[in-house]
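Here is how the chains run, residue by residue.
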Amino acid sequence: MNVKSARLTTQGLAVVCGLLLLFVIVQYAGYGRGYRWTPDVADEAGPAPVGAIDSKPVSLPPASAFAEIEMHPLFNEDRKPTPFDASDSGDGTPAPSPLNIALTGVLLDDAHNVRVAMLQDKTRNQAVALKVGMPLEGDQAAWTLIEVKPRSVVFRSAANETSEIELETSLVQPPNAPPARTPVRPPMPPPAKAPVAGNKQTEQAAGSDLARRIEDRRKQMREDAERLRNVGAEKPASPKK
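The present account deals with the structure reproduced in this document. Model, not experiment: these values are computed from the prediction. (Residues numbered from 1 in each chain as written. Predicted model: local features only at pLDDT ≥ 70, side-chain atom pairs only at ≥ 80, totals over all residues. Heavy atoms only, no water.)

### Some details on the overall build of the chain
Reasoning step 1: From N to C terminus, the chain includes four helices and six strands.
Reasoning step 2: Helices and strands appear in the chain in the N-to-C order α-α-α-β-β-β-β-β-β-α.
Reasoning step 3: Relative to its 241 residues, the chain shows a buried fraction of 11%.
Reasoning step 4: Once local pairs closer than 6 in sequence are excluded, the contacts in the chain between residues at least 24 apart make up 28%.
Reasoning step 5: For the chain, the exposed area adds up to about 21,300 Å²; of that, 59% sits on carbon and sulfur atoms. (Helix = DSSP H or I, 4+ residues; strand = E, 2+ residues; numbered from the N terminus. Buried < 20%, exposed > 50% of the residue type's maximum accessible area, 1.4 Å probe, protein only. Contact = heavy atoms within 4.5 Å. Areas by Shrake-Rupley, 256 points an atom, 1.4 Å probe, with all protein chains shown as cover.)

### With respect to the side chain of Ser152
Reasoning step 1: By the secondary structure assignment, Ser152 is in strand β5 (residues 152-156).
Reasoning step 2: With relative accessibility at 4%, the residue Ser152 sits in the buried group.
Reasoning step 3: At 2.8 Å, the side chain of Ser152 forms a polar contact with the side chain of Glu164.
Reasoning step 4: Not counting chain neighbours up to four residues away, the residues in contact with Ser152 comprise Leu103, Glu164, Ile165, Glu166 and Leu167. (Polar contact = N/O pair within 3.5 Å; in protein donor to acceptor, adjacent residues only side chain to side chain.)

### Some words on the pattern of salt bridges
Reasoning step 1: Overall, the coordinates contain seven salt bridges when judged by the stated rule.
Reasoning step 2: Two residues, Arg115 and Asp110, come together in a salt bridge whose shortest N-O distance is 3.1 Å.
Reasoning step 3: Using a relative accessible area of 60% as the deciding quantity, one classes Asp110 as exposed.
Reasoning step 4: The salt bridge partner of Asp224 is Arg227, with a shortest N-O separation of 2.9 Å. Residue Asp224 and its partner Arg227 are both found in helix α4 (residues 200-234); the two are separated by three residues, about one turn of the helix.
Reasoning step 5: Relative accessible area serves as the criterion here: at 32%, Asp224 is assigned to the partly exposed category.
Reasoning step 6: By sharing partners, the salt bridges in this structure join Asp121, Arg124 and Glu137 into a single network. (Salt bridge = Lys/Arg side-chain N within 4 Å of Asp/Glu carboxyl O.)

### Some details on the sheet that holds strand β6 (residues 162-166)
Reasoning step 1: The three strands are arranged β4-β5-β6 in an open sheet whose pairing can be described as antiparallel. Pairing within the sheet leaves two strands with one partner each, and these edge strands are β4 (144-148) and β6. Averaged over all pairs of adjacent strands, the angle between strand axes in this sheet comes to 30°, irrespective of strand direction.
Reasoning step 2: Pairing geometry for β4 and β5, over four bridges, is antiparallel. Paired with Leu145 across the two strands is Phe155, which belongs to β5. (Pairing = 2+ DSSP bridges. Axes fitted to C-alpha atoms, helices over the stretch in contact; angles between N-to-C directions.)

### Focus: the sheet that holds strand β2 (residues 114-121)
Reasoning step 1: On the basis of which strands lie adjacent, the open sheet formed by three strands has the order β1-β2-β3 and antiparallel pairing. Of all the strands in the sheet, just β1 (101-109) and β3 (126-131) have a single pairing partner and so form its edges. Neighbouring strand axes in the sheet, compared pairwise and without regard to direction, differ in orientation by 20° on average.
Reasoning step 2: Of the strand pairs in this sheet, β2 and β3 are connected by six bridges, and their pairing is antiparallel. Bridge pairing in β3 places Gln120 opposite Ala127.

### What to know about the nonpolar core
Reasoning step 1: Core analysis: the largest hydrophobic core is formed by 15 residues, its most contacted members being Leu119, Leu136, Val153 and Phe155.
Reasoning step 2: Breaking this core down by element, the ones donating at least two residues are β1, β2, β3, β4 and β5. (Core = buried A, V, L, I, M, F, W, Y, C linked by side-chain atoms within 4.5 Å.)

### Some words on unusual backbone geometry
Reasoning step 1: Look at Arg79: it is not a glycine, yet its phi comes out positive at around 55°.
Reasoning step 2: Position of Arg79 relative to the elements: it lies in the loop between α3 (67-71) and β1.
Reasoning step 3: Classification of Arg79 by relative accessible area gives partly exposed; the value is 37%.
Reasoning step 4: A positive phi angle, close to 65°, is found at Asn160, a residue other than glycine.
Reasoning step 5: Within the element layout of this structure, Asn160 appears in the loop between β5 and β6.

What follows is the structure in structure tokens.
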């Protein structure tokens, strides 16, 4: 450290010592002794009685005092009342959408107390299986299944409306109905090959071959019909009891 730096350091320390000495003199002279912490008001007045807040009941103004506010809603831009929607119910909740489902089957098991309805939700085009007490999903969530019958189900909406859906039997086959039989057609003769244009002999040969095949087939069908007729005539009659 050179002489210049040592001199500057000495001067700085002298200034700090002078400030500290001045602060001690001021404190010794009594400046600042009159300042103190003010006592808390609650401590002087004592604790508030228990239940003093609930001793006076709260009274609201009459409903007529808010008539002007209802006529000019604060959160409407035009400050006009919102028009009443006819689709809403009397309590202000929106009316449930009508049921748009089809009943495709039911599952009833009284031994295990199982009642399941198999439905087709037409709004979502999705198959749904519901137990009693379960609601639908989506836009028809306001409808809840309350009863399952052998050929129908009953739903109840949030507005306490009931709707009964019948089982669709248009595609259901009766249990005692015999299975449908597909008629059996006799096999057709294979198509003849297309003749080569310009060759008359080939065309005549192909035509005669097709006519012969058709005649053979007709003859075979007549023989089969005659054979079946003979078998029915030879069958002995069953004895009477």
